[in-house]
Amino acid sequence: MRYYARKFGFYLVALWAALTLNFFVPRLMPGNPVDVLMAKLAQRGGTVDPAARRAYELLLGADTSEPLFRQYLSYLGNMARGDLGVSVSAFPAPVSQVIADSLPWTLVLVGLATLLSFLLGVVLGAFVGWRRGTWLDGLVPATTVLAAVPYFWLALILVALLASGLGWFPLMGGYDVVLDPGWNADFIGSAAYHGTLPALTIVISSVGGWLLGMRNMMVSTTAEDYVLTAKAKGLKDSRVMIRYAARNAVLPSVAGFAISLGFVVAGSIITEQVFSYPGIGSKLLQAVQNNDYALMQGIFLVITVAVLGANLVVDLLYAVIDPRTRAGG
Amino acid sequence: MTDLGPATVAPPRGRAGWRSMLPRWSPKLGVGLGLIAVIALFGLLGPLFVGDPVTIRDLGLTPPGGEHPLGTTLTGQDVLAQLAHSTRGSLHIGLLVGVLATLLSALFGIVGGYVGGVVDEAFSLFSNVMLVIPGLPLVIVVSAFVPADQRGSWTVAVVLAITGWAASARVLRAQTLSLRTRDYVAAARVAGEKPWRVIAVEVLPNLLPLLASQFVFSVVYAILSEAGLSFLGLGASNSSTLGTMLYYAQNGFALQREAWWWFVPPGLVIALFGCGLALVNFSIDEIINPGLRDIPRRPRAEAVREPAPAARTDDDVVLTVDRLSVVYQVDTPVHAVKDVSLTLRRGEILGLAGESGCGKTTLAYAVDRLHRPPAEITGGSVTFHDRDGEDVDVLALRPEELRAFRWSKLSVVFQGAMNALNPVITVRAQLEDVLITHRPGMSRAARRARCEEVLRLVGVDPRRLGSFPHELSGGMRQRVVIAMALLLDPQVMIMDEPTTALDVVVQRGILREIMRLRDEIGFAVLFITHDLPLLLELADRIAVMKDGEIVEHGPAEQVHREPRHPYTRRLLDSFPSLTGERGAFVRSGEPAPSGGAR
Amino acid sequence: MTTLEARRLVKDFPVRVGLRRVKLRAVDDVSFTLVPGRTVALVGESGSGKSTIARMIARLEKPSGGDIALTAPDGSRVPDRHYRDHVQMVFQDPFASLNPFHTVEHHLARPLKLHGRAAGREETWRQVLRLLERVSLPARDVVHRRPHELSGGQRQRVAIARALAPGAKVVVADEPVSMLDVSIRLGVLNLLARLQREEGLAVLYITHDLATARHFSDDVLVLYKGRVVERGPADDVILNPRHPYTKLLAAAAPNPDARGRALDVDPAEVERAGAAAAYDHTTGRWEDVRTAG
């Protein structure tokens, strides 16, 4: 129980830190984003009513007489209500609506690709580590090249080769635009088809890291006494590898998920941009290009919450697979 | 005292020490350093030799060749010249971030870890929060708020460093926490060193490989992130990097126009530089964890030989080891076990005594063919004489036969009871594993009954079956391991230092248990230890091993009363007797009255 | 002569049980005196508090109660800042107590400089070589080596030389030979004994091994659950144990001269006796730990 309480506590603190960061970053930066925003809004024919201006001021900071702490409390209040302001680039849609439309695309694409890459990396890593001293050792340095390739560059090369060159995959987009989004086979098939290349990019670029981490742990674990005991017990090789060696070696990979998740998310934002994928990463860049500060911050918060949530789930899972965490503090 | 005039004062050799911190040479390291050197030189010196990267010419998108070895861009700029300047820009940012991030992580990781207490808790919470907040989205947001004209390479570097130090800090903290409890840190404190000196002189040097590896990691992170930012148009405005080059290539539709020479080289430089750093990091990792070093390729399979079991000399013998040799096939092969012959009789406890490195554990592993490369059996035979009359040549068993042989005929209790149990699965699962594999037909209830039975045999409450190893005390764990060894009713049990890590009272209890079980069940024990007095009390016969050879072999009484080999005598003398004379131990200055004999 | 007196030492460690913090008493009311030329052995199993006492004497831990008084040869109390000139420690694991990064020279030169025993490079160099010769090591051969280039016994000798470097007269030896191979253990113990004779050291010998405790020390204190349960001259305590726990320890120790004997002490009896009273062989009386001086 202590373990769970501590984890929940930690993620609450992290969430609060992210919210606070989001509050202070615009205030610490030079320039007056509110004016830029209001000008843009007026340009688009939006009415600049005082309430909208106040919402932006809370979000971005302005030279008002209101004490910072009051601004901060009102800001937290707005966040708690899910009020992230109105998007300028997609005016008059509220930021929350823009995010709600694009988030599922990213969740599915990045979520599935990350999971796939993690599983693939762990399984391959376990195998390479277990079969140490065979030709498989040669795979290890090869993965570093993949890990060092910029995501977007790889994505563009893949597009050039597989989409433009061979025509196997569509160039861009999340689905065939002639279809109406909905839960039907045509649409889902089209979405899967469009998602393959972006997913492939994410998997190729991130699998090396998982593979290497798992392989190194596997090498250390194979030297443990309990693995030797398992062999002496006359268990089948596959059983020793999975139940004794890999079962223990995977723990640090799971514990280190947080570190790697950040990289994957970062890479996928740019990947989405390359593929003009209708996800949250493309929206973030669109917001940046249009100085749509409200949308930008909203997306940052949502990405943060998603990453925190994923980490929390992984931490809870960790407690299930490592009985020792449940015992001590 | 010897006269040590100034002439004889030798200047200390300072270099030698650093050598131990340097990575071992390997092809990987060579390739890595080569890549880094070539690219760094290209970035450093290239701009001096190539032309002006911004000169616009009237030959847009010329393919490589002639005057432009890497072709030109859309506006006719020379790609090679751009590449040289961009590489310099990227390296500049990479180094800057590497230094800043390493400093930050060292501050939060090392200082926090060493100081401990509230400072550590606060630092560690801070780094963990920074770690879970996704870096690049934050960088994008921050960059977007900074107007482009104020976004210099320093701004970008600082932002990248601030979002990129946390993972390293966590690694460094964990290592510092472990170093802090080392005895040499305590020894430095006892010597009267000041805290800052303990950190700087005693702790920090041992963190150097880790710091180096984290630094390399930050550089890769920085170059990749900066490339991403620039590609999005959010990079530093005053410098050109590989990222900005890609940005222009993308906006000039380089790929759509099939101008691969414009688009491919910048990405390739990043990938190769990152790859070079990663390869160097491999070698650094091998300093931190020597277990990761490359091992020689395994031979495909050990040559299967024809079974040639040794003949039974008499019905009483259960295991014959005949002229067994084991060699560690390293650069200069080490003969760990030399022509060792032993016989183990049914129901007897044969003690194998020797000091660390004498080959006793290697011998025990080889008997069950548990030795790992580079160890290799080079000669001799191991024969198991089954109760039912069959003689098994263990070294000739095929893999599947060997698997079936293990544990059902011969089980092993390993050194370090603490680690012989898998920490993440229950005691029951580890016991049942054996039955599921060796007795596939056994019912669930029967398996369970058998597990409970063996636990009762060693004096452990069967309710402990549901426990995980960490929930048991050291003595209890060792009992569970012995229970596990009893599961299949083996005829031979090899015990390698089974009680060494335990307190003397617990040890005594377990030894009594082993003797009682031996009397009741009648298995034979090969008992390996460095503790000769313990063997003298426990074993029926004793073999003393030194440098891979058995130097003395005989009944326990005889080894105790009339040791023949000088080494045995020396070992015996090394243990002052509890109640008798003190052996070779000299406390007051005069030698022991009666030499070694007691 | 420098003497060290430990008076009613107590050490509590905070432990978390659930959400509460409770105190775990690791050392409870332990007193003894270390005088020059004599060795006191602290005997006990893991968790008995013996290493905590060593760390308190070496000032690596602060006592929660009681005090440690160090008296200089002239009878005055040694001020705290000079404490470490007089009291040094030899650690259990010579593989861990020497910094793998530094040479033997560094390990000896630092304490010499810190405690003002040598000034200048040449003087320090000579002193380092002299120290290595004191512990019977080939000085010129080992002085530039690093710990991993030395054998276990050689390392422990370097560790002993380091403890002597500040000119210490009180040495705490925490299981100094338990990590060494058996055939070199006595060599190291003999060295310690010789140095003690030659320099008049007061030694606190921490061990779990009754046999070496008996032969190496003058007085033995048996620790059980943080308390002294038996004390007195070495032979008296080991050969004629009075407390059930000491009897149990003696019975459990391997003894080839008594093959096939039964363990004639019931561990339950030890539980019953607990650590409430201690037998003092010098006075020949049972004393309640709480009231003893």
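All figures in this text were calculated on a predicted structure; none of them were measured in a lab.

This part takes up the overall build of chain C. Helix and strand counts for chain C stand at 12 helices and 11 strands. What you see for chain C is a C-alpha radius of gyration of 20 Å, in line with the 19 Å of a compact globule of 293 residues. For chain C, the spread of C-alpha atoms along the three principal axes comes to 60 × 45 × 45 Å. Taking all 293 residues of chain C together, 59% fall into the buried category. Taking the intrachain contacts of chain C between residues at least 6 apart in sequence as the baseline, contacts between residues at least 24 apart amount to 66%. Of the accessible surface of chain C, which amounts to about 11600 Å², a share of 48% is contributed by carbon and sulfur atoms. Each charge sign in chain C was given a centre, from 44 positive and 36 negative side chains, and these centres are 5 Å apart.

Under the feature "domain: ABC transmembrane type-1" (unreviewed entry), the UniProt entry names residues 91–281 of chain B. Here residues 91–281 of chain B runs as 82% helix and 0% strand, with 17 Å between its end C-alpha atoms.

At the interface, 68 residues of chain B touch 72 residues of chain C. With both sides pooled, the region where chain B packs onto chain C buries about 6200 Å², and carbon together with sulfur makes up 55% of that total. We note a salt bridge from B:Glu193 to C:Arg110, for which the minimum N-O separation is 2.8 Å. Inspection of the region where chain B meets chain C yields 16 residue pairs in polar contact (both at pLDDT 80 or more). Every element with two or more residues in the side of chain B that touches chain C is listed here: α1 (15–19), α8 (183–190), α9 (195–231), α17 (504–521), α18 (532–538), α19 (556–561) and α20 (566–573) of chain B.

What follows concerns the pattern of salt bridges. Scanning the model with the defined rule gives 42 salt bridges over all chains in all. C:Asp67 is the salt-bridge partner of C:Arg7, the closest N and O atoms lying 3.2 Å from each other. One end of the pair, C:Arg7, is in strand β1 (residues 3–17); the other, C:Asp67, is in strand β4 (residues 65–71), and 60 residues separate them in sequence. When its relative accessible area of 27% is taken as the criterion, C:Asp67 is described as partly exposed. Note that C:Arg25 is salt-bridged to C:Asp12, the shortest N-O span being 2.8 Å. Here C:Arg25 is found in strand β2 (residues 20–34), whereas its partner C:Asp12 is found in strand β1, with 13 residues between them in sequence. Note on C:Arg25: relative accessible area 45%, which makes it partly exposed. On the basis of relative accessibility, which here comes to 13%, the residue C:Asp12 falls in the buried class. A single salt-bridge network, built from bridges that share partners, covers B:Arg479, B:Glu513, B:Arg516 and B:Glu520.

On to the sheet that holds strand β7 (residues 492–496) of chain B. All names here are of chain B. Read across the sheet, six strands follow the order β6-β7-β8-β3-β9-β10 without closing on themselves; strand pairing throughout is mixed. Lying at the two open borders of the sheet, with one neighbouring strand each, are β6 (410–413) and β10 (549–555). Each neighbouring strand pair of the sheet contributes to a mean axis angle of 15 degrees, computed without reference to strand direction. Direction of pairing for β6 relative to β7: parallel, over a ladder of four bridges. Bridge pairing in β7 links Ser 411 to Met 493. Across the sheet, α20 lies against β9 (541–546) and β10, angled at about 100 degrees from β9, the strand it touches most.

The interface is formed by 81 residues belonging to chain B together with 83 residues belonging to chain A. Applying the counting rule to chain B against chain A returns two salt bridges. Of the charged contacts in the structure, one is a salt bridge between B:Asp433 and A:Arg239, with a shortest N-O distance of 2.5 Å. Taken together, the elements giving at least two residues each to the side of chain B that touches chain A come down to α4 (117–132), α5 (135–145), α7 (166–180), α9, α10 (242–251), α11 (260–288) and α14 (427–438) of chain B. If one sorts the elements of the side of chain B that touches chain A by residue count, α11(B) sits on top with 12 residues. Grouping the amino acids of the side of chain B that touches chain A by side-chain chemistry returns 53 nonpolar, 16 polar and 12 charged.

Rules and cut-offs
Residues numbered from 1 in each chain as written. Chains lettered and ligands numbered in written order. Predicted model: local features only at pLDDT ≥ 70, side-chain atom pairs only at ≥ 80, totals over all residues. Heavy atoms only, no water. Helix = DSSP H or I, 4+ residues; strand = E, 2+ residues; numbered from the N terminus. Rg over C-alpha atoms; globule rule 2.2 N^0.38 Å. Buried < 20%, exposed > 50% of the residue type's maximum accessible area, 1.4 Å probe, protein only. Contact = heavy atoms within 4.5 Å. Areas by Shrake-Rupley, 256 points an atom, 1.4 Å probe, with all protein chains shown as cover. Lys, Arg positive; Asp, Glu negative; His and termini not counted. Charge placed at Lys NZ, Arg CZ, Asp CG, Glu CD. UniProt positions renumbered as here; feature names shortened; annotations may be inferred. Buried area = accessible area lost by both parts, 1.4 Å probe. Salt bridge = Lys/Arg side-chain N within 4 Å of Asp/Glu carboxyl O. Polar contact = N/O pair within 3.5 Å; in protein donor to acceptor, adjacent residues only side chain to side chain. Pairing = 2+ DSSP bridges. Axes fitted to C-alpha atoms, helices over the stretch in contact; angles between N-to-C directions. Nonpolar A, V, L, I, M, F, W, Y, C, P; charged D, E, K, R; others polar.

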